[in-house]
Amino acid sequence: MNPNSIDVNFSFCGSVDILASTTFSIDGTGASNVTATSGALTVSTATSGNLILTSAADVDLTATGELDIGAASSDIDITGALTIDSATLSIDSTDASNLTMTANSADAKTLDIKGLNSGSGNGNLFLTAKTTAKAVIGSDDRLVINTNGINLGGASETVNTI
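Residues numbered from 1 in each chain as written. Predicted model: local features only at pLDDT ≥ 70, side-chain atom pairs only at ≥ 80, totals over all residues. Heavy atoms only, no water.

**Q** Whenever I open this one, the overall build of the chain confuses me. Can you help?
**A** If you tally the helices and strands in the chain, you get zero helices and four strands. When the helices and strands of the chain are placed in sequence order, the string is β-β-β-β. For the chain, the share of sequence-separated contacts (at least 6 apart) that also reach a separation of at least 24 residues comes to 0%. Counting every atom, the chain has about 16,500 Å² of accessible surface; 51% of that belongs to carbon and sulfur. (Helix = DSSP H or I, 4+ residues; strand = E, 2+ residues; numbered from the N terminus. Contact = heavy atoms within 4.5 Å. Areas by Shrake-Rupley, 256 points an atom, 1.4 Å probe, with all protein chains shown as cover.)

**Q** What's the story with a nonpolar patch on the surface in this structure? I'm lost.
**A** A contiguous nonpolar patch, built from Ile6, Val8, Phe10, Phe12, Val16 and Ile18 and spanning about 730 Å² of accessible area, is present on the exposed surface. Tracing the chain through its elements places Ile18 in the segment before strand S1 (132-137). Assessed through its relative accessible area of 76%, Ile18 is described here as exposed. (Patch = residues over 30% accessible without salt bridge, like charges linked within 9 Å, V, L, I, M, F, W, Y side chains within 5 Å. Salt bridge = Lys/Arg side-chain N within 4 Å of Asp/Glu carboxyl O. Buried < 20%, exposed > 50% of the residue type's maximum accessible area, 1.4 Å probe, protein only.)

**Q** Can you walk me through the pattern of salt bridges in this structure?
**A** Pairing is possible between side chains of opposite charge, provided their charged atoms come close. Inspection of the entire model under this criterion finds one salt bridge. Between Lys114 and Asp112 there is a salt bridge; the shortest N-O distance is 3.8 Å.

**Q** Looking at this structure, I do not really get the environment of Asn33. What am I missing?
**A** By the element assignment, Asn33 lies in the segment before S1. Reaching out from Asn33, the side chain makes a polar contact with the side chain of Thr35 at a distance of 3.1 Å. (Polar contact = N/O pair within 3.5 Å; in protein donor to acceptor, adjacent residues only side chain to side chain.)

What follows is the structure, given as C-alpha cells:
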C-alpha cells in the first residue's frame, strides 16, 4: 500500500446523490475525468452564478451529434486566429448586423467574401437588400444598386438596363 495515496472504489446498484451544505471541491494532480456511460451528464449552476471552464492549454468540445450553445447573448473574444470549417454555414440575425474587418497596420489588409465551387457548377455570391444595396469606396457612393437601376460613380451616371 502506498502511504501517499488512497484508492477508494464504491459500487452501487442504484443512484448516488452527494449534497454538500456549503461548497465542495474535487481536485486531481493528473489527468482526470467524469464519465457517464449512458444518458446525459449535466453540470449546472441551479440558482445563480456562472459556469466557468478554465484550461491551461486547449479546451476541446467534441460531440458526435450537434453542438448547441444557447444563451441570452454571446460574446466570443479570441486574440488569435479563428477558423470555422463546416459543410454548410448559416449566420442569421433579426436586427441590424455587420461583418467588419478593423485592421491597424501599415500593410494593406483584405476582407474576402467569396462564393467558390471546385466542381463543375457555378460558385455564386448573392447580395440581397429590400430597397438599396451600396458599395462605398472612399467617402463617396461609387456603386449603388436600387429599384431605379445601377448608379456607377454618381447620380448622373445611372444605368437602367444591362
